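Structure at a glance
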Amino acid sequence: VQGTGGSSAVSKCSAAARGYIQDRFLRLLAGRRRRRAPLIHRGYYIRARAVDHCVQDFLLKTQSLSRTQILSLGAGFDSLYFRLKDMGLLHHTVVYEVDFPNVACQKATLIKGMKELSTLVRDTGGEGLGAITFSGEDYKLLGVDLSQLSELERTLEEAGLNNEIPTLFIAEVVLTYMENTRSDALIQWAAEHFPQACFLVYEQMHPEDPFGHVMQQHFRQLNTALHSLAQYPDCEAQQRRFLGKGWTECSVMDMNEFFTCCIPEDERQRMQTLEPFDEYEEWHLKCSHYFVLAASKGMEPSWTPLLPSVTVPHHAGPVWMAGSVPAAVCARLSGIPGLRRYGHHSVLIKPNVILTTGGFGEERGQHCRMRNFNVLSRRAGYWEAACVTQNIPDKRWGERLYHTVSCLSDTLALVVGGRTSPSTAGLGMLWLKFPENCNASGPDDIAVELVSLQPAAEAAALRWRHSTTEVTFKGEQYLFVYGGRSALEPVLGDWYFLHTQDLSYTAIVVEGRVPESRHSHSACSWEGGVLIAGGLGAAEQPLGSVFLLRELEHGFQWQTIETHPPLVPRYSHTAHVHEGKLLLVGGVWFHASSVPGITVIDLMTGLCLDYVINVEHLEWPLMLHNHSSIFLRNEKELLVIGGGGNCFSFGTHLNPEPVSLSLSSILISH
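If you check an unreviewed UniProt entry, the chain appears there as tRNA wybutosine-synthesizing protein 4 from Leucopsar rothschildi. Under the UniProt heading Subunit (unreviewed entry), the note attached to the chain is "Interacts with RNF144B/IBRDC2." Word for word, the UniProt comment on the chain under Pathway (unreviewed entry) is "tRNA modification; wybutosine-tRNA(Phe) biosynthesis."

Right under this line is the structure:
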């Protein structure tokens, strides 16, 4: 547990070095320097913003009082005191920090040995008295185990903590490392002994969904189990906990809500443009698994730092589920190398042959961008892996993620876009050639060859997280390339009609209200046009709109499809159409109480029903984002291939094998 403080200080320091947070003291306290990934920077940015937001609100509300105090529990190598002091915000506030004795001693030594720190704090020489490792006029550093409540109380009294003045308690990922009986006792003790008090908590929640499983496993491996989660798994349980232990007011938000509601738009935009970034799914999942809580009692005026500055649709309530869909591992496909990947694309190149290309995954035990293609072939009702020989010079394929593949004939498929790194330009177009008769041959060698294209068709293809869909206009076939993002534009709303015969761009009139720009949406061919659903919009907010691009005599027209109840906004899902119904598979949404399963939208009536996926027969967490899915119409079965992602600092999760979802019970024809 003591080790977690050091690693979090290093991550905060890396985030500060990249401009996410303004804090010149972190580098002095963190000790070692290490550059973290952009996803980690964002995670520590939102954590620092939440704590600062609440602390500064407390100082603002109490600025007319003669004395206040802050008690930071499990403070580790945090720089809060130095930051507040430097900003001139501690005129009448004393900061007390508590941590394990050896952590407090290390920090005290650091402060004394660094002029930049020691001049700010002015050592009064009160340390050496029992657990007090450092004592300044307005700063006391105490070495006490928080689970020893009577010892904590005695040391705080010795250090001069005054029960009668307004006090802010801070527990930033601390209480969850304690046994529940001890953390509960601490929360209750604070309420009983301090008539005017506020309590700020930032920590994890939602242990039971796939991301929660990966998160818990990570902390168990570090030998720092998260004890709070079983008893207090969500915002509501945490709120009940504080209200039941003597606190009179308590508000809680998950970090998606905090980011949207409590951070000004210009600041959100500043943060989003600091580094090339393309891990939206993991960022939003991380944010839905952490909360900030503000509880208070006896405060005049009342302390309510988590009042939203903007009103947004609240996503806390559970999504009503109309039923469930069983998930099963595909017989004979377990342990096949090359199917553990995400950001890839799978396509039926023959009725019983699936080609999977690109993405990031696991090859020979290593995580890497996937160079090898994978072919699944079905014989006698079973899927088997075929061997693929690739005639592919590396440069042309470019190890791409988030591309599309459209099968245009018995021997040709067109690859559009994709990326290597999010800071590089998109990768253009390629033909994939495969033999005409590979269906009958079964899982023997299937040769797939790459054919480069002339750069004539490039403009549409320098993008990723887009869609490419077959449409018909005046009897001719076109590919409709829509949306996505590029290295320069975080979200695109344009489109191109690509004539499939010669890959020339064709100008076709499109009428109607243009959908807002999006990427990571779904797109399906339907009645000669295209159905676009969901996606991530310009402000990195999921969208819940469904549009039909409908063929008219002289062109196409955008039409909105109204859904009721309204479709829960989502992105990074896949979609299929079956007998007038649009099926959405998985994805990421902001309803933290559940994960998206299967959503069925009746395109005639707009009725929208959500179904949970029953995973009791799977032995691992099924992450349904960045996956691909193939709909087998005759069997009313969905084959989900790959999926997963880089789960914050908790490790990469890749769905280990393809999963079959049986939809026959929910696709009964009326």
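Next, the rest of the story.
**Comments concerning the overall build of the chain**
When its secondary structure is counted, the chain shows 15 helices and 39 strands. Its C-alpha atoms give the chain a radius of gyration of 28 Å, near enough to 26 Å, the size a compact globule of 670 residues would have. Across its three principal directions, the C-alpha atoms of the chain cover 85 × 50 × 45 Å. Relative to its full complement of 670 residues, the chain shows a buried share of 59%. Across the chain, every contact between residues at least 6 apart in sequence was considered, and the portion connecting residues at least 24 apart equals 67%. Taken as a whole, the chain presents about 26,300 Å² of accessible surface, with 50% of it coming from carbon and sulfur. Computed over 56 positive and 70 negative side-chain charges, the inter-centroid distance for the chain is 5 Å.

**Structural notes on unusual backbone geometry**
Apart from glycine, the bulk of residues carry a negative phi angle, and the bulk of peptide bonds sit in the trans form. The step from Glu 300 to Pro 301 runs through a cis peptide bond, and the omega angle for that step is -5°. The topology assignment puts Pro 301 in the loop between strand 8 (290–297) and strand 9 (323–329). For the peptide bond that leads from His 564 to Pro 565, omega is -10°, which places it in the cis range. Summarising the element assignment, Pro 565 is placed in the loop between strand 30 (555–560) and strand 31 (574–578). Despite not being glycine, Val 173 shows a phi value in the positive range, around 50°. One can find Val 173 in the loop between strand 5 (167–172) and helix 8 (180–193). Accessibility expressed as a relative area gives 10% for Val 173, which makes it buried.

**Description of the side chain of Thr 62**
The residue Thr 62 is located in the loop between helix 3 (38–61) and strand 1 (68–73) in this model. At a separation of 2.8 Å, a polar atom in the side chain of Thr 62 contacts the main-chain carbonyl oxygen of Phe 58. The contacts of Thr 62, once residues within four sequence positions are left out, are Thr 68, His 92, Pro 166 and Met 299.

**Some words on the layout of surface pockets**
Once rolled over the atoms, a probe with the size of a water molecule shows which space is left empty. Reported here for the largest pocket is a volume of approximately 1,200 Å³. Lining the largest pocket are 38 residues, with His 345, Ser 346, Thr 468, Ala 523 and Ala 575 sitting closest to its centre. Elements with a minimum of two residues in the lining of the largest pocket: strand 11 (345–350), strand 18 (404–407), strand 22 (467–473), strand 27 (522–526), strand 31 and strand 35 (628–632).

**Structural notes on empty space enclosed by the protein**
Taken as a whole, this structure holds two cavities of 30 Å³ or more when the rule is applied. Each pocket or cavity is described by its volume, and for the largest cavity that value is around 200 Å³. Taken together, 18 residues form the lining of the largest cavity, with Leu 285, Gly 587, Val 595, Pro 596 and His 625 sitting closest to its centre. A domain-level breakdown of the lining of the largest cavity finds at least three residues from each of domain 1 (52–297) and domain 2 (321–662). Considering only enclosed or pocket space, the second largest cavity measures out at about 40 Å³ in volume. Asn 256, Phe 259, Thr 260, Trp 283, His 284, Glu 540, Gln 541 and Phe 590 are the residues that line the second largest cavity. Residue assignment for the lining of the second largest cavity shows that the elements contributing at least two residues are helix 12 (255–262) and helix 14 (280–288). Ranked by residue count, the leading element in the lining of the second largest cavity is helix 12, at three residues. The residue inventory of the lining of the second largest cavity, partitioned by class, reads three nonpolar, four polar and one charged. Counting residues domain by domain, the lining of the second largest cavity receives three or more from each of domain 1 (52–297) and domain 2 (321–662).

**A closer look at the pattern of salt bridges**
Applying the stated criterion to the full structure yields 28 salt bridges. Taking the shortest distance from any N to any O, the salt bridge between Arg 27 and Glu 116 comes out at 3.7 Å. One end of the pair, Arg 27, is in helix 2 (residues 26–30); the other, Glu 116, is in helix 6 (residues 115–121), and 89 residues separate them in sequence. For Glu 116, a relative accessible area of 33% gives the class partly exposed.

**Here's the deal with the domain arrangement of the chain**
Annotation of the chain at the domain level lists domain 1 (52–297) and domain 2 (321–662). Between the C-alpha centres of domain 1 and domain 2 the distance comes to 43 Å. The interface of domain 1 with domain 2 comprises 26 residues on the first partner and 34 residues on the second. It is Asp 278, Tyr 280 and Glu 281 that lose the most area in domain 1 upon contact with domain 2, and together they represent 25% of the buried surface on that side. Applying the counting rule to domain 1 against domain 2 returns four salt bridges. Residue Glu 281 pairs with Arg 465 through a salt bridge whose shortest N-O separation is 2.8 Å. At the junction of domain 1 and domain 2, the tally comes to 15 residue pairs in polar contact (both at pLDDT 80 or more). Elements with a contribution of two residues or more to the side of domain 1 that touches domain 2: helix 9 (210–221), helix 12 and helix 14.

The rules behind each value
Residues numbered from 1 in each chain as written. Predicted model: local features only at pLDDT ≥ 70, side-chain atom pairs only at ≥ 80, totals over all residues. Heavy atoms only, no water. UniProt positions renumbered as here; feature names shortened; annotations may be inferred. Helix = DSSP H or I, 4+ residues; strand = E, 2+ residues; numbered from the N terminus. Rg over C-alpha atoms; globule rule 2.2 N^0.38 Å. Buried < 20%, exposed > 50% of the residue type's maximum accessible area, 1.4 Å probe, protein only. Contact = heavy atoms within 4.5 Å. Areas by Shrake-Rupley, 256 points an atom, 1.4 Å probe, with all protein chains shown as cover. Lys, Arg positive; Asp, Glu negative; His and termini not counted. Charge placed at Lys NZ, Arg CZ, Asp CG, Glu CD. Polar contact = N/O pair within 3.5 Å; in protein donor to acceptor, adjacent residues only side chain to side chain. 1 Å grid on protein atoms, 1.4 Å probe; cavity = no way out; pocket = protein on both sides within 12 Å on 5 of 7 lines; lining within 4 Å. Points joined across faces, edges and corners; volume = space filled by probe spheres on them. Domains from an automatic or database assignment. Nonpolar A, V, L, I, M, F, W, Y, C, P; charged D, E, K, R; others polar. Salt bridge = Lys/Arg side-chain N within 4 Å of Asp/Glu carboxyl O. Buried area = accessible area lost by both parts, 1.4 Å probe.

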